[in-house]
Amino acid sequence: MTSPVSPASTASAKPSLDRPGLLVMDVDSTLIDEEVIDELGDAAGCGERIARVTEQAMRGELDFREALRARVALLEGLPVSVFDEVYRRIHFTNGAHELIDTLHAHGWKVGVVSGGFHEVVDRLADDAHIDYRLANRLETRDGVLTGKVLGDIVTKQVKLDSLHAWASELGLPMSQTVAMGDGANDIPMIHEAGLGIAFCAKPKTRDAAPAAITTRDLRLVLDFLN
């Protein structure tokens, strides 16, 4: 039987629960089971089309910025009430609350950085008591989506920069950080963290990560920490 956890190659370098630390994770298909952009696509009647682009982007086959803009353009005209509908349909990944609560009990902080949208991510972060959050924001006008993204898009570089910025704010060495995600745009932060974990990830991400979890249970992250 294949183990749901593949250990890091250098056990001595693992972050420890005995000291303050920082976990930064992706949201879609990591903190939650779903991809929010795909759920929005279903509401817009173009779910299959958007899901195909999402899969290509997460495998690293498309430029993330352009893929996101193309998918968001298909959402034009949706009422902002769609976020309430989508939020009711998404689910925290098994073990998410237990992982976050355990880390907090040991003096750790938790951040999420997402290529998804603040309109959903903020609610998830509030519900799970997450300390930091960063995501894209959708433009609206007169209560409907315009099909455009406001401001800079959260890319793999932005994810990496967030890991560094939050660790610096907390006065933490990178050796006391964990980064986790499932897609190609998570790879830089996975490489840079003291421990990088591919969580039920696409093949490119799994191959690039020093550690992996293949079962959808976020509590398994704790198995890597001293």
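Everything numeric in this text was worked out from a predicted model, so none of it was measured.

The rules we used
Residues numbered from 1 in each chain as written. Predicted model: local features only at pLDDT ≥ 70, side-chain atom pairs only at ≥ 80, totals over all residues. Heavy atoms only, no water. Buried < 20%, exposed > 50% of the residue type's maximum accessible area, 1.4 Å probe, protein only. Helix = DSSP H or I, 4+ residues; strand = E, 2+ residues; numbered from the N terminus. Pairing = 2+ DSSP bridges. Right-handed = clockwise from strand over helix to strand, strands pointing away. Core = buried A, V, L, I, M, F, W, Y, C linked by side-chain atoms within 4.5 Å. Contact = heavy atoms within 4.5 Å. Phe/Tyr/Trp six-rings, centres within 6.5 Å; stacked < 30°, edge-to-face > 60°. Lys NZ or Arg CZ within 6 Å of the ring centre and 35° of its normal.

## What about the pairing of strand E3 (residues 109-117)?
Thinking step 1. With respect to burial, E3 is a largely interior element, eight of its nine residues being buried.
Thinking step 2. Sheet analysis places strand E2 (residues 22-25) next to E3, joined by four bridges and oriented parallel. Note on E3: the bridge partner recorded for Val-24 is Gly-111.
Thinking step 3. Pairing of E3 with strand E4 (residues 132-141), which is carried by four bridges, proceeds in the parallel orientation. Bridging from a neighbouring strand, Phe-117 pairs with Asn-136 of E4.
Thinking step 4. Taken together, E3, helix H7 (residues 118-128) and E4 constitute a β-α-β crossover, and its handedness is right-handed.

## Overview of the nonpolar core
Thinking step 1. Membership of the largest hydrophobic core comes to 56 residues, with the highest contact counts inside it found for Leu-31 and Ile-197.
Thinking step 2. With five residues, the top contributor of residues to this core is H7.
Thinking step 3. Setting aside its immediate chain neighbours within four residues, Leu-31 contacts Met-25, Asp-26, His-91, Phe-92, Thr-93, Ala-96, Ile-100, Val-112, Leu-124, Ile-130 and Leu-218.
Thinking step 4. Residues Val-113, Tyr-132, Ala-179 and Ala-193 belong to the second largest nonpolar core, which totals twelve residues.

## Things to note about the packing of aromatic side chains
Thinking step 1. Enumeration according to the criterion identifies one aromatic pair in this entry.
Thinking step 2. With centroids separated by 5.0 Å and ring planes inclined at 15°, the aromatic side chains of Tyr-132 and Trp-166 adopt a geometry described as stacked. Note that Tyr-132 is positioned in strand E4 and Trp-166 in helix H8 (residues 156-170), a separation of 34 residues in sequence.
Thinking step 3. Judged by its relative accessible area of 12%, Tyr-132 falls in the buried class.
Thinking step 4. Judged by relative accessible area, Trp-166 falls into the buried class, the value being 10%.
Thinking step 5. Lying across the ring of Tyr-87, Arg-123 places its NZ or CZ 4.4 Å from the centre.

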